Amino acid sequence: MKKILVVDDESSIVTLIKYNLEQAGFEVETACDGEEALLRAEETSPDLIILDWMLPKFDGMEVCKDLRQRRVTTPILMLTAKDEEFDKVLGLELGADDYMTKPFSPRELIARVKAILRRVQQSPVEQPEEEKETDQNIEVADLSLFPEKYEAYFKNNLLELTPKEFELLLFLAENKTRVLTRDQLLSAVWKYDFVGDTRIVDVHISHLREKIEENTKKPQYIKTIRGLGYKLEEPKEA
């Protein structure tokens, strides 16, 4: 049974979400402010966090930022009554994996939760030892991706990636040398209502470059194709 931590200071919202999650077969923990959210996240090790934007003590942005700085990669679904593009980008920039605005339908919330968990916590099918990881890994020069384990290595060092960063890097690697527009990347990686919010892609590309490029101003792996989008390729020899 997957465990979900629900963080919101409105008791009616918590009750609604908790009831529907439990009906869908999830175990639910709750917190009513940012300080409690950080404690509960550490104590209960949830599989996913549903986090409200506006909270007492520490707001959702601070909680999200704190968790990511502590290398906690638990998926975060952000809830907010705000609907500006800036808010969406800021939340995702700080490490949230998905975003929903209030009011929302419980059915859509459950669908989002299930989709996130399918993407990031699906157990690989057991294979004979000699067959494991065969034809499943992607190598691009010093970059190695293991899709079934949701792991990526650069120069044999494990990269600390959020689920969305991994999915974006994987999609770029699967389409190596192909120019991908921002809209294509939005559709493939985010899949939800982010049409036109292409800054989300730019923010995540910037984060990836910080982790795999020697010089982010002259990237060798993830290239910007002016007026079109991005492509991932093997670095050219100096």
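What counts, and where the lines are drawn
- Residues numbered from 1 in each chain as written.
- Predicted model: local features only at pLDDT ≥ 70, side-chain atom pairs only at ≥ 80, totals over all residues.
- Heavy atoms only, no water.
- Axes fitted to C-alpha atoms, helices over the stretch in contact; angles between N-to-C directions.
- Helix = DSSP H or I, 4+ residues; strand = E, 2+ residues; numbered from the N terminus.
- Parallel < 35°, antiparallel > 145°, perpendicular 65-115°, else oblique.
- Contact = heavy atoms within 4.5 Å.
- Nonpolar A, V, L, I, M, F, W, Y, C, P; charged D, E, K, R; others polar.
- Pairing = 2+ DSSP bridges.
- UniProt positions renumbered as here; feature names shortened; annotations may be inferred.
- Buried < 20%, exposed > 50% of the residue type's maximum accessible area, 1.4 Å probe, protein only.
- Phe/Tyr/Trp six-rings, centres within 6.5 Å; stacked < 30°, edge-to-face > 60°.
- Lys NZ or Arg CZ within 6 Å of the ring centre and 35° of its normal.

**Student:** With reference to specific residues and values, describe the packing of helix H6 (residues 163-174) against helix H8 (residues 199-212).
**Tutor:** At their nearest, the axes of H6 and H8 sit 10 Å apart, and the two run at 85° to each other. Relative to H8, the element H6 is oriented roughly perpendicular. Residue-level inspection shows Lys-164, Glu-165, Leu-168, Leu-169 and Leu-172 of H6 in contact with H8, the latter providing Val-201, His-204, Ile-205, His-207, Leu-208, Lys-211 and Ile-212. In terms of residue class, the contact of H6 with H8 is built from 7 nonpolar, 2 polar and 3 charged.

**Student:** Any chance you could break down the sheet that holds strand S10 (residues 180-181) for me, citing the residues and the numbers?
**Tutor:** Read across the sheet, 3 strands follow the order S10-S12-S11 without closing on themselves; strand pairing throughout is antiparallel. Pairing within the sheet leaves two strands with one partner each, and these edge strands are S10 and strand S11 (222-225). Pairing of S10 with strand S12 (residues 229-232) involves 2 bridges; the strand directions are antiparallel. Its bridge partner lying in S12, Thr-181 is registered against Gly-229. Together, S11 and S12 form the strand contacts of H8, whose direction differs from that of S11 by roughly 145°.

**Student:** Which residues make up the sheet that holds strand S2 (residues 27-31), and what are the values?
**Tutor:** Read across the open sheet, the 5 strands follow the order S2-S1-S3-S4-S5; overall the sheet is parallel. In this open sheet, the two edge strands, each paired with only one partner strand, are S2 and strand S5 (98-101). Neighbour to neighbour, the strand axes of the sheet diverge by 20° on average, direction disregarded. By the bridge criterion, 4 bridges tie strand S4 (residues 76-80) to S5 in an arrangement that is parallel. The residue of S5 that forms the bridge with Leu-77 is Asp-98. Where helix H3 (residues 60-69) meets the sheet, it contacts strand S3 (48-52) and S4, and its direction lies at approximately 165° from that of S4.

**Student:** Break down the UniProt feature "modified residue: 4-aspartylphosphate" (unreviewed entry) in the protein for me, with residues and values.
**Tutor:** The UniProt record marks Asp-52 with the feature "modified residue: 4-aspartylphosphate" (unreviewed entry), using the residue numbering of this structure. Summarising the element assignment, Asp-52 is placed in strand S3. We classify Asp-52 as buried; its relative accessible area is 4%. Here Asp-52 is in contact with Val-7, Asp-8, Asp-9, Gly-60, Met-78, Leu-79, Thr-80 and Lys-102, once residues within four sequence places are set aside.

**Student:** So what about the environment of Leu-48? Which residues, and what values?
**Tutor:** You can see Leu-48 is positioned in strand S3. Residue classification places Leu-48 among the buried residues on the basis of a relative accessible area of 0%. Between the C-alpha atoms of Leu-48 and Leu-117, which are 69 residues apart in sequence, the distance is 7.6 Å. Ignoring any residue separated from it by four or fewer positions in sequence, one finds Leu-48 in contact with Lys-3, Ile-4, Leu-5, Thr-74, Pro-75, Leu-77, Val-113, Ile-116 and Leu-117.

**Student:** Hey, could you go over the packing of aromatic side chains for me, with residue numbers and the actual values?
**Tutor:** The geometry of an aromatic ring pair is captured by two quantities: the separation of the ring centres and the angle between the planes. Scanning the model with the defined rule gives 3 aromatic pairs in all. With a centroid separation of 5.6 Å and an interplanar angle of 85°, the aromatic rings of Phe-146 and Tyr-153 are classed as edge-to-face. Residue class for Tyr-153 comes out partly exposed when judged on its relative accessible area of 23%. When the ring of Phe-154 is compared with that of Tyr-221, the centres are 5.6 Å apart and the planes differ by 80°; the resulting orientation is edge-to-face. Remark: Tyr-221 occurs in the loop between H8 and S11 and Phe-154 occurs in strand S8 (residues 151-154); sequence separation between them is 67 residues. Summarising the burial analysis for this pair, Phe-154 and Tyr-221 share the class buried. Just above the ring of Phe-146 sits the side chain of Lys-149; from NZ or CZ to the centre is 4.8 Å.

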